[in-house]
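Reading the structure
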Amino acid sequence: MDRRSVIKNAGLAGVLAAGVAPAVHAQAAIRWRLSSSFPKALDTIHGAADVFANSVKAMSGGKFEISVHAAGEITPPFGVVDAVQQGSIEMAHTAPYYFFGKNETFALGCSIPFGLNSRQMTAWMLEGNGLKLMREFYAQYNIINFLGGNTGAQMGGWYRKEIKTVADMKGLKMRIGGFAGRILERMGSVPQNIPGGEIYTSLEKGTIDAAEWIGPYDDQKLGFNKVAPFYYYPGWWEGGPQLDFFINQKAYDALSAENKAIVTAATAVAHTTMQAKYDAKNPGALKELVGKGTKLRAFPEAVLKEAFKQSMEVYDELNGKNADWKKIYGDYRKFQADQNLWFRFTEMSFDKFMQAQKL
């Protein structure tokens, strides 16, 4: 039977009756569950998972549906890697550096202190060796990853008291996500890894002295300005943190080539949409916060220099004891050195000039 003549002469009903329906109609419906590490209230960071799921459904004509579950609904915020690895859920949306306790190398897939900015991170992943190297690493956990958004450079967090010297960091109990806690420990602080939905209560009760989350738009939603007056910048530990979609390898391998392509395309939409939302929404939120009395402060140069020094020492130590880290970190830093050379002559000089202009 000539498949083309059947389609031309019989129309869709004839195609289906002849048993030569296009592949998309022949496939069985797929239903997956996605567990997020973030609360629903954060429409930017949690919302990226919704953008992804909606894109998958639209591109598959409703044949491939993914239900999105907020942090704690089916897995704890920091339990998503175990759940995906074990196959109890098909996928998750999370910040890889949350899981540095399993292996510090997770942080390289998200953000490390004084690391790549958001554009550089995407370039390393898609045009450098980043995605290849991180996928080789995640394979140990039965996971394949896809880019899941970026917040852009973050703020340095909310503090009950001013930070004027390095000494002010000593004894500071601070909520901070991911790998940066290691650096703060060396500076005398006491890091706390608390999920986003629990930060406000901890800061309000005085369980912690300071907390960082992301930036003005999300921070205002979470109400941190009500319980801590000083808002510091920059978030030297998160120059360009990348979120990831983690998918169970077996579940991904079972997809058709068409559905794999849909997943790839949908993650790309979610990835670019997230940072666009943050870049669009943060300026207005910052104006509102300052208007309500928030006191903006830059970290003293001495604090940044000490944090940089301690970070480099930690990385050198990891190179000597973690083979996974050493393999990927070397490529990461080489890429960053080249990127910094380029940005020095273009992005940085342009931005510095424009920041001084009155618009």
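For the structure given in this document, a descriptive report is provided here. Quantities reported herein were computed from a predicted structural model and do not represent experimental measurements.

Calculation rules
Residues numbered from 1 in each chain as written. Predicted model: local features only at pLDDT ≥ 70, side-chain atom pairs only at ≥ 80, totals over all residues. Heavy atoms only, no water. Pairing = 2+ DSSP bridges. Helix = DSSP H or I, 4+ residues; strand = E, 2+ residues; numbered from the N terminus. Phe/Tyr/Trp six-rings, centres within 6.5 Å; stacked < 30°, edge-to-face > 60°. Buried < 20%, exposed > 50% of the residue type's maximum accessible area, 1.4 Å probe, protein only. Lys NZ or Arg CZ within 6 Å of the ring centre and 35° of its normal. Core = buried A, V, L, I, M, F, W, Y, C linked by side-chain atoms within 4.5 Å. Contact = heavy atoms within 4.5 Å. Axes fitted to C-alpha atoms, helices over the stretch in contact; angles between N-to-C directions. Parallel < 35°, antiparallel > 145°, perpendicular 65-115°, else oblique. Nonpolar A, V, L, I, M, F, W, Y, C, P; charged D, E, K, R; others polar.

1. Quick word on the sheet that holds strand β7 (residues 190–192)
- Spatial strand order, β7-β6-β8-β5-β9-β11: 6 strands in an open sheet with mixed pairing. Each edge of the open sheet carries a strand with a single partner, namely β7 and β11 (295–298).
- Bridge analysis of strand β6 (residues 173–175) against β7 gives 3 bridges, and the strand direction is parallel. The residue of β7 that forms the bridge with Met 174 is Pro 191.

2. Quick notes on the packing of aromatic side chains
- Applying the stated criterion to the full structure yields 30 aromatic pairs.
- Pairing Phe 114 with Trp 236 gives two aromatic rings, centres 5.4 Å apart and planes at 10°, and the pair type is stacked. With Phe 114 in the loop between β3 (91–94) and α5 (118–126) and Trp 236 in the loop between β9 (230–233) and β10 (242–248), the pair connects residues that are 122 residues apart, well separated along the chain.
- Owing to a relative accessible area of 6%, Trp 236 belongs among the buried residues under this scheme.
- Where Trp 158 meets Tyr 231, the ring centres are 3.8 Å apart and the plane angle is 15°; that geometry is what we call stacked. Here Tyr 231 lies in strand β9 and Trp 158 lies in strand β5 (residues 157–159), a separation of 73 residues in the sequence.
- Trp 158 sits in the buried class, given a relative accessible area of 0%.
- Counting every residue linked through ring pairs, the aromatic cluster contains Phe 38, Phe 78, Tyr 97, Tyr 98, Phe 99, Phe 106, Phe 137, Tyr 138, Tyr 141, Trp 213 and Phe 246.
- In this structure, Arg 135 is placed above the aromatic ring of Phe 146, and the distance from its NZ or CZ to the ring centre is 4.6 Å.

3. Some words on the nonpolar core
- With 79 residues, the main nonpolar core has Ile 112, Tyr 159, Phe 179 and Trp 213 as its most contacted residues.
- Each residue touching Phe 179, except ones within four places of it in the same chain, is listed here: Tyr 97, Phe 100, Glu 104, Ala 107, Ile 112, Pro 113, Val 314, Tyr 315, Leu 318 and Trp 325.
- Residues Ala 53, Phe 146, Ala 251 and Leu 255 belong to the second largest nonpolar core, which totals 23 residues.

4. Overview of the packing of helix α6 (residues 130–138) against helix α13 (residues 323–345)
- Contact geometry for α6 and α13: axes closest at 10 Å, N-to-C directions at 170°. When the axis of α6 is compared with that of α13, the two are roughly antiparallel. Between α6 and α13, the residues in contact are Leu 133, Met 134, Glu 136 and Phe 137 and Asp 324, Lys 327, Ile 328 and Asp 331, respectively.
- Of the residues in the contact of α6 with α13, the class split is 4 nonpolar, no polar and 4 charged.

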